[in-house]
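# Fold and geometry: a report
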Amino acid sequence: MSNFVTTEKGPLIPRNRDAHPVAYDPGYKTSVSRSPNLPLLSMESSPSEETGPTFGHGKLGALDNNLILNWTKGAAPAVGERILMHGRVLDENARPVPNTLLEIWQANAGGRYRHKKDTYLAPLDPNFGGCGRTLTDENGYYQFLTVRPGAYPWPNRGNDWRPMHIHISVYGHSFGQRLITQMYFEGDPLINHCPIAATIKNRAQLDALVAPLDLAHSRPLDYLAYKFDIVLRGRRQSMFENKLEGM
């Protein structure tokens, strides 16, 4: 992302293409038909992709980062184990990235999404919408109050289950500057059995997507906290679904 990359003089930290998840992995069934058969082409971005459209900072509501209450506007809380997801968005030199829009979406505590194509047997929670958004502050810090999502089965092989995870979208100054990743939870045994997670062949890179338990920021008798920093470029950058860096 052009707005995320440092302008200070010095060598550019190049993209490590060997660190990308493999596009073709027979264990991940749909990658067989979706993976490219020809070499990829790098296309230049246009000014419209780099400069607009933008989002309005003033359109965020008071409960947008509180998934426990935002679906019912505070009238009734969502059901599930309450958690605080928090961290910082940083650039390649560990500098904070302020005023950046983050959006998340997830399954409910039973492992079901609020989506018409989700037919899993777990019930929908009438008080949980499953999505939220927030802006990083001047220190690049963000937080979401939500419920821990449940694991769920998916039609890949005979008995595959997705680990508990939260999807994260990071925007730059325009909607053309968007990166998407997932956060997993420390100690979830399903991570080691997930064909999607297994497309990341370097274990250290996969571990970078696992949020550790953060008891220091947990609230007694209320919620546990999980800390998940997002590094946009550099040697400790987070893995993203489409590419390791933006435009």
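Residues numbered from 1 in each chain as written. Predicted model: local features only at pLDDT ≥ 70, side-chain atom pairs only at ≥ 80, totals over all residues. Heavy atoms only, no water.

Looking up the protein in an unreviewed UniProt entry gives the name Protocatechuate 3,4-dioxygenase subunit beta, with the organism given as Salipiger mangrovisoli. The UniProt entry for the protein carries this comment under Sequence similarities (unreviewed entry): "Belongs to the intradiol ring-cleavage dioxygenase family." (UniProt positions renumbered as here; feature names shortened; annotations may be inferred.)

Below, the discussion takes up empty space enclosed by the protein. For the structure on display, the rule yields 1 cavity of 30 Å³ or more. Residue lining of the largest cavity: Q106, A107, N108, R112, Y113, R114, L124, D125, F128, G129 and G130, and that is the complete set. Per-class residue counts for the lining of the largest cavity are 4 nonpolar, 4 polar and 3 charged. (1 Å grid on protein atoms, 1.4 Å probe; cavity = no way out; pocket = protein on both sides within 12 Å on 5 of 7 lines; lining within 4 Å. Points joined across faces, edges and corners; volume = space filled by probe spheres on them. Nonpolar A, V, L, I, M, F, W, Y, C, P; charged D, E, K, R; others polar.)

With that settled, the discussion passes to the pairing of strand β1 (residues 82–90). Burial runs high along β1: 7 of the 9 residues are buried. One ladder, built from 4 bridges, connects β1 with strand β10 (residues 224–227); its direction is parallel. Its bridge partner being in β10, M85 is matched across the sheet by Y226. (Buried < 20%, exposed > 50% of the residue type's maximum accessible area, 1.4 Å probe, protein only. Helix = DSSP H or I, 4+ residues; strand = E, 2+ residues; numbered from the N terminus. Pairing = 2+ DSSP bridges.)

A word on the side chain of T134. Structurally, the position occupied by T134 is in strand β3 (residues 131–135). A residue is classified by how much of its surface remains accessible, and T134, at 10% relative accessible area, is buried. When residues no more than four places from it in sequence are discounted, the contact partners of T134 are L60, N65, T100, L101, L102, Y142, Q143 and F144. (Contact = heavy atoms within 4.5 Å.)

Taken in spatial order, the 5 strands line up as β3-β2-β7-β8-β9 in an open sheet, and their pairing is mixed. Pairing within the sheet leaves two strands with one partner each, and these edge strands are β3 and β9 (210–211). By the bridge criterion, 5 bridges tie strand β2 (residues 101–105) to β3 in an arrangement that is antiparallel. Pairing of E103 across the sheet is with R133, part of β3.

On to the packing of aromatic side chains, then. The tally for this structure, following the rule as stated, stands at 5 aromatic pairs. Ring geometry for Y113 versus Y152: centroids 5.5 Å apart, planes at 75 degrees, classification edge-to-face. Here Y113, found in the loop between β2 and β3, pairs with Y152, found in strand β5 (residues 152–154); they are 39 residues apart in sequence, far enough to count as distant. On the basis of relative accessibility, which here comes to 13%, the residue Y152 falls in the buried class. A centroid spacing of 5.0 Å and a plane angle of 85 degrees characterise the contact between F185 and Y226, whose relative ring orientation is edge-to-face. In this pair, F185 is assigned in strand β8 (residues 178–185) and Y226 in strand β10, connecting sequence segments 41 residues apart. Across the pair, Y226 and F185 agree in class, each one buried. (Phe/Tyr/Trp six-rings, centres within 6.5 Å; stacked < 30°, edge-to-face > 60°.)

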